[in-house]
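Per-entry structural report
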Amino acid sequence: MNKQECKKYVRRAYKRLIKLNKELNEGNIEHEMKKVLEEQIKEYIAYSKIAVRNMKNSGNIEITLKDILAQIDILPEIYPKYKAIDIANKL
């Protein structure tokens, strides 16, 4: 387990619980952590799908991991998270 990643998700879930005035208990923290993780997954998948589409449409014969990672570095500056998810859902 990556402790830093775990702490990041616990922090986000905790802040949501406090913001929503929900009780801090095992069930609620589990539910909020799942929601946080699902949102992250959607975002990561969206940017990955857009990156692959961009690379395929660019005329590259061979797409490398380095190319995709370079696209992913740039895409959050171009598309906000909600827009990227919307575009990816249409692909």
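Before any of the text, the structure's been laid out above.
The text that follows walks through the structure, step by step, so that each part is easy to find. (Residues numbered from 1 in each chain as written. Predicted model: local features only at pLDDT ≥ 70, side-chain atom pairs only at ≥ 80, totals over all residues. Heavy atoms only, no water.)

1. Observations regarding the packing of helix H1 (residues 3-19) against helix H2 (residues 26-57)
Rules: Geometry is summarised by axes, namely lines fitted to C-alpha atoms with helices restricted to the contacting stretch, and by angles between N-to-C directions that run from 0 to 180 degrees. Runs of E in the DSSP output that reach at least two residues are strands. Runs of H or I that reach at least four are helices, and both are numbered from the N terminus. The crossing is said to be left-handed when, going from far helix to near helix, the turn is anticlockwise and less than a right angle, and right-handed when the turn is clockwise. Residue contacts follow a heavy-atom distance rule, with two residues in contact if any of their heavy atoms lie within 4.5 Å. Residue polarity follows a fixed list, in which Ala, Val, Leu, Ile, Met, Phe, Trp, Tyr, Cys and Pro are nonpolar, Asp, Glu, Lys and Arg are charged, and the others, Gly among them, are polar.
H2 packs onto H1 with a crossing angle of 115° between their chain directions and a minimal axis gap of 8 Å. Viewed along their axes, H1 and H2 form a crossing whose handedness is right-handed. Across from Lys8, Tyr9, Val10, Arg12, Ala13, Tyr14, Arg16 and Leu17 in H1, the residues of H2 making contact are Asn28, Ile29, Glu32, Met33, Lys35, Val36, Leu37, Glu39, Gln40 and Tyr44. Considering only residue class, the contact of H1 with H2 consists of 10 nonpolar, 2 polar and 6 charged.

2. Overview of the packing of H2 against helix H4 (residues 81-90)
Where H2 meets H4, the closest approach of the two axes is 8 Å, and the angle between their N-to-C directions is 65°. When the axes of H2 and H4 are compared, the crossing they make is left-handed. Facing H2, whose interface residues are Glu39, Lys42, Glu43, Ala46, Tyr47, Lys49, Ile50 and Arg53, H4 presents Lys81, Ala84, Ile85, Ile87 and Ala88. Considering only residue class, the contact of H2 with H4 consists of 7 nonpolar, no polar and 6 charged.

3. Quick notes on the environment of Leu75
For the record, the criterion: Each residue is assigned to one of three classes by its accessible area relative to the maximum for its type, calculated with a 1.4 Å probe on protein chains only: buried under 20%, partly exposed between the two thresholds, exposed over 50%.
Turning to its location among the elements, Leu75 is positioned in helix H3 (residues 65-78). A relative accessible area of 1% places Leu75 in the buried class. Separated by 47 residues in sequence, Leu75 and Asn28 have C-alpha atoms that sit 33 Å apart. Discounting chain neighbours no more than four positions away, the residues touching Leu75 are Tyr47, Ile50, Ala51 and Asn54.

4. Some points on a nonpolar patch on the surface
As a reminder of what qualifies: Patch definition: residues above 30% relative accessible area lacking any salt bridge, with like charges linked at up to 9 Å and the nonpolar side chains Val, Leu, Ile, Met, Phe, Trp and Tyr linked at up to 5 Å. The Shrake-Rupley method, run with a 1.4 Å probe, gives the accessible areas here. Residue values count only the displayed protein chains as cover. Within this document, salt bridges are pairs made up of a side-chain nitrogen of Lys or Arg and a carboxyl oxygen of Asp or Glu, the two lying within 4 Å of each other.
There is a patch of nonpolar side chains on the surface, built from Tyr14, Ile18 and Leu24 and spanning about 300 Å² of accessible area. Tracing the backbone shows Leu24 in the loop between H1 and H2.

5. Considering the pattern of salt bridges
Tallied over the entire structure, the rule returns 7 salt bridges. The salt bridge involving Glu32 is made with Lys22; its shortest N-O contact spans 3.5 Å. One end of the pair, Glu32, is in helix H2; the other, Lys22, is in the loop between H1 and H2, and 10 residues separate them in sequence. Judged by relative accessible area, Glu32 falls into the buried class, the value being 0%. On the accessibility criterion, Lys22 (35% relative accessible area) is partly exposed. In this structure, Asp86 and Lys90 form a salt bridge, with 3.5 Å as the shortest nitrogen-oxygen distance. Placement of both Asp86 and Lys90 in helix H4 is noted, with a separation of 4 residues, approximately one turn of the helix.

Nothing here speaks to function; it is geometry throughout.
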